[in-house]
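Tertiary structure, described
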Amino acid sequence: METVLESNILPIAKPKWLKVKLPIGQKYTELRGLVDKYKLNTICTSGSCPNMGECWGEGTATFMILGNICTRSCGFCGVKTGRPETVDWDEPEKVARSIKIMNIKHAVITSVDRDDLKDMGSIIWIETVKAIRRMNPETTLETLIPDFQGVERNLDRIVEANPEVVSHNMETVRRLTREVRIQAKYDKSLEVLRYLKQQGIRRTKSGIMLGLGETEEEVIQTMRDLRNANVDIVTIGQYLQPSKKHLPVKEYILPEQFQKYEKIGLEMGFRHVESGALVRSSYKAQKHIL
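Here the structure is a predicted model, which is why all the values come from computation and not from measurement.

1. Looking at helix α10 (residues 255-268)
For α10, built from 14 residues, the straight-helix expectation of 20 Å at 1.5 Å per residue is met to within 8% by its first-to-last C-alpha distance of 20 Å. Residues of α10 that are buried include every one of Phe258, Tyr261, Ile264 and Gly265, and no others. In a view along the axis of α10, the buried residues occupy a sector of 120°, so they form one face of it. Exposed and facing more than 90 degrees away from the buried side of α10 are Glu256, Gln259, Lys263 and Glu267.

2. Looking at the pattern of salt bridges
As a working rule, side chains carrying opposite charge can pair if their charged atoms are close by. This model, assessed by the stated rule, comprises 15 salt bridges. Each of Arg72, Asp113, Asp115 and Asp147 takes part in a single network of salt bridges with overlapping partners.

3. Remarks on the side chain of Ser275
With respect to the element layout, Ser275 can be found in strand β10 (residues 272-275). For Ser275, a relative accessible area of 14% translates into the label buried. A polar contact is formed between the side chain of Ser275 and the backbone oxygen of Phe258, at a distance of 2.7 Å.

4. Here's the deal with the environment of Glu127
Turning to its location among the elements, Glu127 is positioned in helix α5 (residues 122-135). For Glu127, a relative accessible area of 31% translates into the label partly exposed.

5. A word on the packing of aromatic side chains
Tallied over the entire structure, the rule returns zero aromatic pairs. Of note, Arg227 hangs over the ring of Phe270, and the distance from its end group to the ring centre comes to 5.4 Å.

6. Observations regarding the pairing of strand β2 (residues 62-65)
Residue alternation in β2 divides its side chains into two sets, Thr62 and Met64 and Phe63 and Ile65, and both sets are buried. Pairing of β2 with strand β5 (residues 106-111), which is carried by four bridges, proceeds in the parallel orientation. Bridge pairing in β5 links Met64 to Thr110.

7. Focus on unusual backbone geometry
Unusually for a residue other than glycine, Met120 sits at a positive phi of about 55°. Residue Met120 is classed as buried on the basis of its relative accessible area of 9%. The residue Phe148 is not glycine, and still its phi comes out positive at about 50°. By relative accessible area, Phe148 is classed as buried at 1%.

Rules used throughout
Throughout, a residue's number is its position along its own chain's written sequence, starting from 1. Selection of residues for local features in this predicted model requires a pLDDT of at least 70, selection of side-chain atom pairs for listing and counting requires 80 or more, and totals for whole chains, interfaces and linings are taken over all residues. Heavy atoms from the whole structure form the basis of all side-chain values; hydrogens and water molecules are not counted. Only DSSP runs of H or I covering at least 4 residues are called helices, and only runs of E covering at least 2 are called strands; the numbering of each starts at the N terminus. In this analysis, the expected span of each helix is defined as 1.5 Å times one less than the number of residues it contains. Any residue under 20% of the maximum accessible area for its type is buried, any over 50% is exposed, and the rest in between are partly exposed; the area is computed with a 1.4 Å probe on protein chains only. Here the arc refers to the directions that run from the helix axis out to each C-beta atom. Throughout this description, the term salt bridge denotes a Lys or Arg side-chain nitrogen within 4 Å of a carboxyl oxygen of Asp or Glu. N or O atoms within 3.5 Å of each other form a polar contact, as long as, within protein, one can give a hydrogen and the other can take it, and as long as residues adjacent in sequence are counted only when both atoms are side-chain atoms. Working definition: a ring pair exists when centres of Phe, Tyr or Trp rings (six-membered ring for Trp) sit within 6.5 Å. Plane angles under 30 degrees give stacked, over 60 give edge-to-face, the rest tilted. The rule for a charge over a ring is simple: NZ of Lys or CZ of Arg within 6 Å of the ring centre, and within 35 degrees of the ring normal. At least two bridges found by DSSP between two strands is the condition for calling them paired.

See the structure below:
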């Protein structure tokens, strides 16, 4: 018989309706081979994304640049934390070449936080976008960026690159930000999104995850805050605990509640609302350029 910890907090059983398909199929196997061959870091694998099988099976993937070690230690994230490796200046060409080989029509690029770098990685960001544009002129792009500590000269590099969609995730509601994101600030993330729109980015996007102890009103308020920052697209998904070291799931949100948030979001004026248990920020990303 297992001993109950003093906290008296036991894991909540995952509901039967929350099922993740195992990654299978020829297309998935091909893409996995390419990622391994070119030593690319995808958030699909590093972040243990539940949609990896579905997305890769359809021939799409999200690339993670600037290594796979993050300088921040968010309580929800499966990406490793620590001292990052030296910047690989060949990475932009590697990513662009792999996108061409995979024949990807819409690519999502994301990265770890690189607070150890003076430019916080923004130069590699713009070089990656330029390389993809040169080698894949028909490919549309979404860049899922860190906050770059809100430094405008770093954000301006993303604006100059002018991807079709620029994303930055709020991740959670205001009250839980300090616990969930630790080094990030709620209002700074809102300002980043507002600034990007003010500088002429065509589509801005953000995502939040549920099940960390937030209330319905807090979720709706976060959606209001995003609309007030003129964000066009919002994704809402269920938080799934990557390991025992990470924050526990406090609640599994019912499908009906996700549907309710989708309806509320569309009524608020968001162009697209993706709301469901297995929704992640890059899920069905291609349709968000429309």
